[in-house]
Number of protein chains: 2
Amino acid sequence: MSFALIKTDSASHARRGRLVTRHGIVETPIFMPVGTQGTVKAMAPDELRAVGAQIILANTYHLFLRPGPDVINHFGGLHRFMGWHHPILTDSGGFQVFSLSKLRRITEDGVHFNNHIDGSPCFLSPEISMEIQTALGSDIAMAFDECPPYPCELEYASVSLDRTLRWAQRCRTWGTDQPEKTRPLVFGIVQGAIYRDLREKSARTLVEMDFDGYAIGGVSVGEPEPEMMRAIDHSVPFLPAERPRYAMGLGTPSQIVEMVARGIDMFDCVLPTRLARNGTAFTRFGTLNLKNNPYRLDERPIEEECACATCRTFTRGYIRHLIKAQEILGLRLITMHNLYFYLDLTRQIRNSLDNGTFPRFRERFVADYIKHEAT
Amino acid sequence: MSFALIKTDSASHARRGRLVTRHGIVETPIFMPVGTQGTVKAMAPDELRAVGAQIILANTYHLFLRPGPDVINHFGGLHRFMGWHHPILTDSGGFQVFSLSKLRRITEDGVHFNNHIDGSPCFLSPEISMEIQTALGSDIAMAFDECPPYPCELEYASVSLDRTLRWAQRCRTWGTDQPEKTRPLVFGIVQGAIYRDLREKSARTLVEMDFDGYAIGGVSVGEPEPEMMRAIDHSVPFLPAERPRYAMGLGTPSQIVEMVARGIDMFDCVLPTRLARNGTAFTRFGTLNLKNNPYRLDERPIEEECACATCRTFTRGYIRHLIKAQEILGLRLITMHNLYFYLDLTRQIRNSLDNGTFPRFRERFVADYIKHEAT
């Protein structure tokens, strides 16, 4: 077994776990920084370790287009290519095909699209996605799926889900004739939009296929937060306790805490890196936009008591200057802090689960974060 | 005395020296990375130390406009503001006023101009420049000068030089009533365009004013290389051996070696940081443009045998991918290598001067660099 459940919270569905991959162990709950193009934006691999990253996510769609799996394979896989020798989860490319490219046609076989870089026609299918993810040397591959938009009519959601489930079966079957040591773990993705029955059907059908883990997709696609929480609540009960669960593309710090309470183990989100580039820093008491004038003469670090490299050395006033002057060091320093913040949050969650204090941690954190964020 | 001459080369005018500033010792010949806006582009202060930086340059004009000397003074000076606790040389702002802003009027008093950020009217004079450089906490302040363009008629060069010399006297006199420990070292700047007599007059007049060091300005302003070398040769003989000499805004690696042979001790140049952002890396055998297709599958580091953090970990192929994908890590890695290259070059120059092997080093380095750069 690649996943061990260490402890469960008695007051919620929160779990403390440990996932074993070919490139090392991942302690869960965990946040995975997003390394879309074979680099977590603005960060070097040693800095990722310094902020506490255990596993990162890479985007199959982007790497498929540039530099291409042949190039990465030539360098001995993505780990060696980018100098990150710890676990990597790859998404399937499905989400980006539907969100970034100009879609041409979905068939039973796969998806024809024009890519967003040079507009040339491309094709991805469950088998091609698995092949690319394996060529990248992924530790955890995701099944190729269609991620329907929000909102989505019941009829389309249902047709799409059935096809996604057939694609999931093809991903599950793919590569079983290959040597085990080159094969990634494979996670299925629960879809079904906002429809309770579809979520249940999706989860139950995937579980029958016996994946190494289960993701919940089609969340964080523009729906209101209560809708997102419901999609999780409608999926989790049908997933086996002894497999890891991953909520894709989530979320804000308080959402992550709430998702842990609902039984989620793994998260990825572009917020810490994307908002950093806009001058926004995360703190326990909500976000700060460091471009704002009040920080001009502010001699404090982004967050008092934060132990990250940014907060140990630099003031809000200096970082504000760098962001205003469009200096790269500014977004580097905020990116570093924000990733540390997210990773430290999951570390604190793990500690509280180890100590049996998660309910109290959850209550306090969410109250502090939401109260200040709203003001 | 703030400058000690340790050794001189018998076959050229090259010198091995040591400059003492309030924030530490600078071994010369030395290259100074350019930190225009209170940051060396894309680099953190600890990384600057790791690549071997002893002293950096900051631009008075840029910091005067943004964030303003009041802000930097509030944070206890530029060293504390940016977290760099080693020597800083500030330029006077003169060069940028004439090259970046919309000039309005030069008077005996100073220069009226519209700044390049919001176009608002500004004024800089010798006294204001010295005041700002002192407020920044500069270790070495430069006299406020006019840097004439290339080409420049004799008549204008002469009028401009006379005014610049009167401004130099005002810079030399400024602040002599202030406590010595808050005062920077002050360097005069030799001007005179391409005119031998003006260069001699400029150098002789400045030396009478007894500056702590002497810079050669008005070079690297678009003139052909032989013209640049002549400007140096026409200035250096009139400068005292016991004061440091600084060639402003220079140069390529082979130009630096040649300038050392002509008796120059200090250099600054944007080439290593600016070209990095365009994908160009320096090597002993000329530059590489890493965007080029042949590097696509190249598993070598930028430079074999280079000990920088980039070359110890990353391949040309990966860096090429990052640059093509416009990822910040790409320009960070090349910037790191390029600065290491320039700083290691001056370190090798110092070693060869210590060992008495500079003539051989010079011959080999320049031959290797120029031969390959030309192909």
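Model, not experiment: these values are computed from the prediction.

Thresholds, definitions, all that
Residues numbered from 1 in each chain as written. Chains lettered and ligands numbered in written order. Predicted model: local features only at pLDDT ≥ 70, side-chain atom pairs only at ≥ 80, totals over all residues. Helix = DSSP H or I, 4+ residues; strand = E, 2+ residues; numbered from the N terminus. Buried ≥ 20, exposed ≤ 12 C-beta atoms within 10 Å, placed from the backbone. Contact = placed C-beta atoms within 7 Å. Pairing = 2+ DSSP bridges. Axes fitted to C-alpha atoms, helices over the stretch in contact; angles between N-to-C directions. Domains from an automatic or database assignment. Nonpolar A, V, L, I, M, F, W, Y, C, P; charged D, E, K, R; others polar. Core = buried A, V, L, I, M, F, W, Y, C linked by C-beta atoms within 7 Å. Least-squares fit on C-alpha atoms with pLDDT ≥ 70 in both. Parallel < 35°, antiparallel > 145°, perpendicular 65-115°, else oblique. pLDDT = per-residue confidence, 0-100. Expected span 1.5 Å × (residues − 1). Arc of directions from axis to C-beta. Left-handed = near helix turned anticlockwise from the far one by under 90°.

Chemist: I'm lost on the overall build of chain A in this one. Help?
Modeler: For chain A, the count of helices and strands is 15 helices and 17 strands. In chain A, buried positions account for 55% of the 375 residues. Long-range pairs, those at least 24 residues apart, make up 67% of the contacts in chain A with a sequence separation of at least 6.

Chemist: Quick question: what am I supposed to make of the sheet that holds strand β8 (residues 102-106) of chain A here?
Modeler: Sheets are built from strands that pair by backbone hydrogen bonding, the pairs being arranged parallel or antiparallel. Residues and elements named next belong to chain A. Spatial strand order, β8-β9-β10: three strands in an open sheet with antiparallel pairing. If you trace the sheet from one side to the other, it starts and ends with β8 and β10 (121-124), each paired once. For this sheet, the mean inter-axis angle between neighbouring strands, taken without regard to orientation, is 25°. Looking at chain direction, β8 and strand β9 (residues 111-114) are connected through four bridges and run antiparallel. Opposite Lys102, over in β9, you have Asn114 as the bridge partner.

Chemist: Could you clarify how one ought to interpret the interface of chain B and chain A in this entry?
Modeler: Often, the extent of an interface is quoted as the loss of accessible area on bringing the components together. Taken together, the contact pairs 29 residues of chain B with 29 residues of chain A. The dominant element in the side of chain B that touches chain A, judged by the number of residues it contributes, is helix α13 (residues 316-324) of chain B, at five residues.

Chemist: What's the story with the domain arrangement of chain A in this structure? I'm lost.
Modeler: Residues and elements named next belong to chain A. Assigned domains of chain A: these are domain 1 (3-268) and domain 2 (276-374). One C-alpha centre belongs to domain 1, the other to domain 2, and the line joining them spans 27 Å. Contact residues are listed per partner, giving 26 residues for domain 1 and 26 residues for domain 2. Mapped onto the side of domain 1 that touches domain 2, the elements with two or more residues apiece are β4 (30-32), α1 (45-50) and α10 (253-261). It is α10 that provides the largest number of residues to the side of domain 1 that touches domain 2, a total of seven residues. In terms of residue class, the side of domain 1 that touches domain 2 is built from 16 nonpolar, three polar and seven charged.

Chemist: For this particular structure, what's the right way to read the pairing of strand β3 (residues 24-28) of chain A?
Modeler: Note on strand geometry: in a regular strand, side chains alternate between the two faces of the sheet. All names here are of chain A. Sheet topology places strand β2 (residues 15-21) next to β3; five bridges connect them, and they run antiparallel. For Arg18, the partnering residue across the bridge sits in β3 and is Glu27. Once β2 ends, the chain turns through two residues before running back antiparallel as β3.

Chemist: How should the sheet that holds strand β1 (residues 3-8) of chain B be read in this particular structure?
Modeler: Residue and element names in this part refer to chain B. The antiparallel open sheet is built from three strands, whose spatial order is β1-β2-β3. Each edge of the sheet is formed by a strand with only one pairing partner; in this case those strands are β1 and β3 (24-28). The average angle at which neighbouring strand axes cross in this sheet is 15°, direction not considered. Strand contacts of helix α14 (residues 328-355): β1, β2 (15-21) and β3, with the helix running at about 120° to β2, the strand carrying the most contacts.

Chemist: Where do I start with the nonpolar core in this structure?
Modeler: In a soluble, globular protein the nonpolar side chains are often hidden away together inside. Formed by 238 residues in total, the largest nonpolar core has its most connected members in A:Phe187 and B:Phe187. With residues up to four places along the chain from it excluded, the contact list for A:Phe187 reads A:Ile140, A:Met142, A:Ala143, A:Phe211, A:Asp212, A:Gly213, A:Tyr214, A:Ala215 and A:Tyr246.

Chemist: Could you clarify how one ought to interpret the relation of the copies chain B and chain A in this entry?
Modeler: One copy of the chain maps onto the other through a rotation about an axis plus a displacement along that axis. When chain B is brought onto chain A, the operation consists of a screw motion whose angular component is 180° and whose axial shift is 0.0 Å, with 0.0 Å RMSD remaining. Between the two chains, the operation in question is that of a two-fold axis. Looking at the rotation axis and the C-alpha trace of chain B, the residue lying nearest is B:Ile328, at 4.0 Å. Comparing interface residues between copies, 100% of those in chain B also sit at the interface in chain A, which points to an isologous, same-surface contact.

Chemist: Explanation requested: the environment of A:Asp210 in the structure shown.
Modeler: Of note, A:Asp210 is situated in the loop between α8 (196-209) and β13 (213-216). A:Asp210 sits 38 residues away from A:Arg172 along the chain, and the two C-alpha atoms are 8.2 Å apart.

Chemist: Before we go on, may I ask you to explain unusual backbone geometry in this structure?
Modeler: Trans peptide bonds make up the majority, and among non-glycine residues the majority have a negative phi. A cis amide bond links A:Tyr150 with the next residue in sequence, A:Pro151, at an omega value of -5°. Of note, B:Glu305 is a non-glycine position whose phi angle comes to about 75°, a positive value. With a phi angle near 55°, B:Gln326 is a residue other than glycine that sits in the positive phi range. Examined against the element boundaries, B:Gln326 turns out to sit in the loop between α13 and α14. Look at B:Gln326 and you get exposed, because 9 C-beta atoms sit within 10 Å.

Chemist: I'm lost on the environment of A:Asp9 in this one. Help?
Modeler: All names here are of chain A. Relative to the helices and strands, Asp9 resides in the loop between β1 (3-8) and β2. As for Asp9 and Leu353, which are separated by 344 residues in sequence, their C-alpha atoms are 6.6 Å apart. Every residue in contact with Asp9, bar those within four places of it in the chain, is listed here: Ala14, Leu353, Phe358 and Pro359.

Chemist: What's the story with the packing of helix α7 (residues 154-173) of chain B against helix α8 (residues 196-209) of chain B in this structure? I'm lost.
Modeler: The geometry of a pair of packed helices is captured by two quantities: the angle between their axes and the separation between those axes. All names here are of chain B. Running from N to C, α7 and α8 point in directions that differ by 10°, and their axes come no closer than 10 Å. In terms of axis orientation, α7 runs roughly parallel to α8. Residues Ala157, Ser158, Leu161, Leu165, Ala168, Gln169 and Arg172 of α7 form the contact with α8, whose participating residues are Leu198, Ser202, Thr205, Leu206 and Met209. Within the contact of α7 with α8, the residues separate by chemical class into seven nonpolar, four polar and one charged.

Chemist: Is there a simple way to explain the confidence of the model for chain A in this structure?
Modeler: In low-pLDDT regions, the fine details of the predicted coordinates are not to be read closely. Residues with a pLDDT of 70 or more make up 99% of chain A, whose mean pLDDT is 96. Across the whole predicted complex the pTM is 0.97, and at the interface the ipTM reaches 0.97.

Chemist: Can you walk me through α8(B) in this structure?
Modeler: In an α-helix, one turn spans 3.6 residues, which is why side chains three or four residues apart end up on the same side. Residue and element names in this part refer to chain B. A rise of 1.5 Å per residue sets the reference length of α8, with its 14 residues, at 20 Å; its end C-alpha atoms lie 20 Å apart and thus fit the reference within 8%. Residues of α8 that are buried include every one of Leu198, Arg199, Ser202, Ala203 and Leu206, and no others. Taken end-on, α8 shows its buried residues confined to a sector of 130°, consistent with a single buried face. Counted as exposed and oriented over 90 degrees from the buried face of α8: Asp197, Arg204 and Glu208. Summarising the contacts, the buried residues of α8 are in contact with α7, β12 (185-190), β13 (213-216) and α9 (225-233). Two residues or fewer after α8 comes Asp210, characterised by a positive phi angle close to 65°.

Chemist: What is the right way to look at the packing of helix α13 (residues 316-324) of chain A against helix α14 (residues 328-355) of chain A in this model?
Modeler: Residues and elements named next belong to chain A. As a packed pair, α13 and α14 sit with axes 7 Å apart at the nearest point and diverge in direction by 130°. One finds that α13 runs oblique with respect to α14. In the packing of α13 onto α14, the handedness of the crossing is left-handed. On α14, the residues touching Ile319, Leu322 and Ile323 of α13 are Leu329, Gly330, Leu333 and Ile334. Classifying every residue of the contact of α13 with α14 by side-chain character gives six nonpolar, one polar and no charged.

Chemist: Any chance you could explain helix α6 (residues 126-136) of chain B here in plain terms?
Modeler: All names here are of chain B. For α6, a buried count of eight out of eleven residues is recorded, marking the element as mostly surrounded by other parts of the structure. All buried positions along α6 are accounted for by Pro126, Ile128, Ser129, Met130, Ile132, Gln133, Thr134 and Leu136. Once α6 finishes, Gly137 follows within two positions and takes phi at roughly 85°, a positive value.

Chemist: Would you mind going over the pairing of β1(B) with me for this structure?
Modeler: Residue and element names in this part refer to chain B. Note that β1 and β2 share five bridges and pair antiparallel. Counterpart to Lys7 in the pairing with β2 is Arg16. Remark: six residues form the turn of the hairpin made by β1 and β2, two consecutive strands paired antiparallel.

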